[in-house]
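Chain residues, written in single-letter form:
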Amino acid sequence: MHKLDRYVKNGVIQDLKDKMVFVGGPRQVGKTTLALSLLKNGSPGNPAYLNWDNISAKKIIKSGEFPKDEKLIIFDEIHKYKNWRNLIKGFFDTQRDKHQFLVTGSAMLDYYRKGGDSLLGRYFYHRLHPLSVSELGISTNHDIKQLINLSGFPEPFFKGQETFKKRWQNERHQKILFEDIRDLENVREVTLMEDLFDNLPLYSGSLLNYNSLANLLEVNIRTIQNWTDIFDRIYLTYKIKPYISGKLRLVKKSTKLYFWDWSTQLTEGAKFENLVASHLLKYCHYIEDTQGEKMELRYLKDREGREIDFVVLKNKKAIFAVECKVGERSISPNITYFKERLDIPQFYQVHLGSVSYLKEGVRVLPFHEFCTEVGLC
């Protein structure tokens, strides 16, 4: 059993002193393991760990009679209960002198909180991401390729076997599509949604063509848009918007789609690009969740087709841009073009090789060095 203190742990411990803490993230990303590591006896049998799917735990939650000798109380998957917001609001307001409350769930807790402000000012939200280069201390291309191919989800990564990963992946997708969607969304055509999900890797990393997907599945565009939004809410996928500047004729509306499990991609190049996207999103979310800064991950593309894979914004201002190349190559002409025309302070070109150099203000370097240089978590 691999023990790894997750990167959000210290922040969660600190925030629990003042408020409730919500930890959201994909199914099987390690939320329960993180939560249990905060208990004196970190096992699922601890009476302070209350999973809504467990009948006896459900009774304890509804009664509010928690173990007196446990400071921290953990609610897992409680957002499946219709009135969960008011329930935990009451616990926090009346028992905060005796207990701390940690809420975890594989659906987007912050999204399912909305619709009422009963919890406003009572919690901090942390998003737990898959394992990353920095979190694992990776410094070789071989280990990065293991991460690319096995995903950053703890169980398949530490198992280290491609066959196990595929079987784990199939089971996980079935549970998400046929259990989480059933529990949390009013959707009847789950089988068609599964077909959509299976076809999305063909569109990942490029501009998302809703019309093409609608024609493929013989449904309307609005249905496709709704289904992809559901995939985002249950942490299967995420979308990034274009970077907008008045100085150039840029693409302004189309979104790009990526997967939380980057190993679902079909080619090495697509997997690497998705891995980089996920690392940058993790960086953005961590700064937002711990420092309160407004962070955004975007892509840059003009109407002539020139493109940079990613731009990171802090409080509406671009702080750096990143172009991904699997092999060691000369600087992309797209970087040169945009660098001359846009006020983006730093451009990076990352790759899976070993060459590292600075030329005309552009940093070209291996991805693991980039993670250290920028300070990714």
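Just so we're clear, the structure is a prediction, and the values are computed from it rather than from any experiment. (Residues numbered from 1 in each chain as written. Predicted model: local features only at pLDDT ≥ 70, side-chain atom pairs only at ≥ 80, totals over all residues. Heavy atoms only, no water.)

S.K.: Run through the sheet that holds strand β3 (residues 72-76), naming residues and quoting values.
M.R.: Pairing is parallel in the open sheet, where five strands are placed in the order β2-β3-β4-β1-β5. With one partner strand each, in any of the chains shown, β2 (49-51) and β5 (123-127) form the two edges of the open sheet. Neighbour-to-neighbour, the strand axes of this sheet turn through a mean angle of 20°, independent of strand direction. Along the sheet face, helix α3 (residues 55-63) touches β2 and β3 and points at about 105° away from the line of β2. (Pairing = 2+ DSSP bridges. Helix = DSSP H or I, 4+ residues; strand = E, 2+ residues; numbered from the N terminus. Axes fitted to C-alpha atoms, helices over the stretch in contact; angles between N-to-C directions. Contact = heavy atoms within 4.5 Å.)

S.K.: Go over the packing of aromatic side chains with me, naming the residues and quoting the values.
M.R.: Inspection of the entire model under this criterion finds 25 aromatic pairs. Plain terms: the ring middles of Phe367 and Phe370 are 5.9 Å apart, the flat faces sit at 25° to each other, and that makes the pair stacked. In this pair, Phe367 and Phe370 both sit in helix α15 (residues 367-374), three residues apart, roughly one turn of the helix. Since its relative accessible area comes to 1%, Phe367 is described here as buried. Taking NZ or CZ as reference, Arg306 lies 3.8 Å from the ring centre of Tyr337, over its face. (Phe/Tyr/Trp six-rings, centres within 6.5 Å; stacked < 30°, edge-to-face > 60°. Buried < 20%, exposed > 50% of the residue type's maximum accessible area, 1.4 Å probe, protein only. Lys NZ or Arg CZ within 6 Å of the ring centre and 35° of its normal.)

S.K.: Which residues make up the sheet that holds strand β11 (residues 347-351), and what are the values?
M.R.: Taken together, the eight strands give an open sheet; going across it, the order is β7-β6-β8-β9-β10-β11-β13-β12, and neighbouring strands pair in mixed fashion. Each edge of the open sheet carries a strand with a single partner, namely β7 (256-259) and β12 (357-359). Between one strand and the next, the sheet's axes are offset by a mean angle of 30°, whatever the strand orientation. Two strands pair when backbone bridges link them, and strand β8 (residues 295-301) and strand β9 (residues 307-314) are joined in this way by six bridges, in the antiparallel orientation. Bridged to Arg298 within β9 is Val311.

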